[in-house]
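# Examining the three-dimensional arrangement
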Amino acid sequence: MTKMDAIGRKILHELSRDGRISNLELAERVGLSPSACLRRVQELERSGVIKGYRAVIDPAKLGLTFLAYVTVGLSSHTKQSQADFEAAMAVAPEVRECHNITGTIEYILRVEAADLVAYKHFHTEVLGVLPQVNAITTYVLMGSPKDERA
């Protein structure tokens, strides 16, 4: 685990808000010289604290207006069942996130689809045909008053 001081936390906070911020602006916001700030950012990248940078895409602008969280229970709790299920989710374009969790079900998915008809196709023809799947519960997203995913 990397030891994090107040300046490091400020750098991470600013970069999580705007990953395209210039080094000069970042240095000003966190109270460092540009060269010291750049060294700190590079060290955070080298140590793996900063895993990468990405674009935040608005699904609605791409016509993906149906968003849901889907819980999935498996019929078998073997390592192979999990691996097979995860492999199927890795190639499903509707699945934007797949998390293995604890509790009464094994997985929670973030699914983006064009509409209810497209989601039903995913539900029936992708999830529904997997032999590992025992239970599917869909929670339709109605709004996101807070979303800090990058």
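Structure report, in brief. (Residues numbered from 1 in each chain as written. Predicted model: local features only at pLDDT ≥ 70, side-chain atom pairs only at ≥ 80, totals over all residues. Heavy atoms only, no water.)

This part is about the sheet that holds strand 3 (residues 107-113). Pairing is antiparallel in the open sheet, where four strands are placed in the order 2-3-1-4. Each edge of the open sheet carries a strand with a single partner, namely strand 2 (95-100) and strand 4 (133-140). On average, each strand axis in the sheet is inclined to that of its neighbour by 20°, with strand direction left out of account. Pairing between strand 1 (residues 66-74) and strand 4: seven bridges, direction antiparallel. Bridge pairing in strand 4 links T71 to T137. Contacting strand 1, strand 2, strand 3 and strand 4, helix 5 (residues 116-127) crosses the sheet at an angle of about 140° to strand 3. (Pairing = 2+ DSSP bridges. Helix = DSSP H or I, 4+ residues; strand = E, 2+ residues; numbered from the N terminus. Axes fitted to C-alpha atoms, helices over the stretch in contact; angles between N-to-C directions. Contact = heavy atoms within 4.5 Å.)

This brings us to helix 4 (residues 79-90). For helix 4, with 12 residues, the first-to-last C-alpha span of 16 Å sits near the 16 Å given by 1.5 Å per residue. Within the span of helix 4, buried status applies to S81, F85, A88 and M89. Along the long axis of helix 4, the arc covered by the buried residues comes to 100°, so they all point the same way. Seen from the buried face of helix 4, the exposed residues on the opposite side, beyond 90 degrees, are K79, Q80 and A90. Those residues of helix 4 that are buried are in contact with strand 1, strand 2, strand 3, helix 5 and strand 4. (Expected span 1.5 Å × (residues − 1). Buried < 20%, exposed > 50% of the residue type's maximum accessible area, 1.4 Å probe, protein only. Arc of directions from axis to C-beta.)

What the rule picks out here adds up to eight salt bridges. Taking the shortest distance from any N to any O, the salt bridge between E148 and K146 comes out at 3.6 Å. Members of the salt-bridge network, linked through shared partners, are E14, R17, E25 and R29. (Salt bridge = Lys/Arg side-chain N within 4 Å of Asp/Glu carboxyl O.)

Next up on the list: the environment of T137. Structurally, T137 can be placed in strand 4. T137 gets classed as partly exposed once you look at its relative accessible area, which sits at 34%. Taking the C-alpha atoms as reference points, T137 and T104, 33 residues apart in sequence, are found 12 Å from one another. In this structure, T137 is in contact with Y69, V70 and T71, ignoring residues within four places of it in sequence.

Locating E106 in the fold gives a position in the loop between strand 2 and strand 3. Those residues within four positions of E106 in sequence are excluded, and the remaining contacts are V72, G73, L74, H77, H99, N100 and I101.

A word on the nonpolar core. Judged by nonpolar contacts, the single largest core of 19 residues is most densely connected at V70, V72, F85, M89, L109, F122 and L127. Mapped by element, the contributors of at least two residues to this core are strand 1, helix 4, strand 3 and helix 5. No other element matches strand 1, which puts five residues into this core. If we skip the residues at most four places from it in the chain, M89 touches V95, C98, L109, V126, L127 and L130. Core analysis: the next-biggest nonpolar cluster, separate from the first, contains 10 residues, I11, A27, V30 and V41 among them. (Core = buried A, V, L, I, M, F, W, Y, C linked by side-chain atoms within 4.5 Å.)

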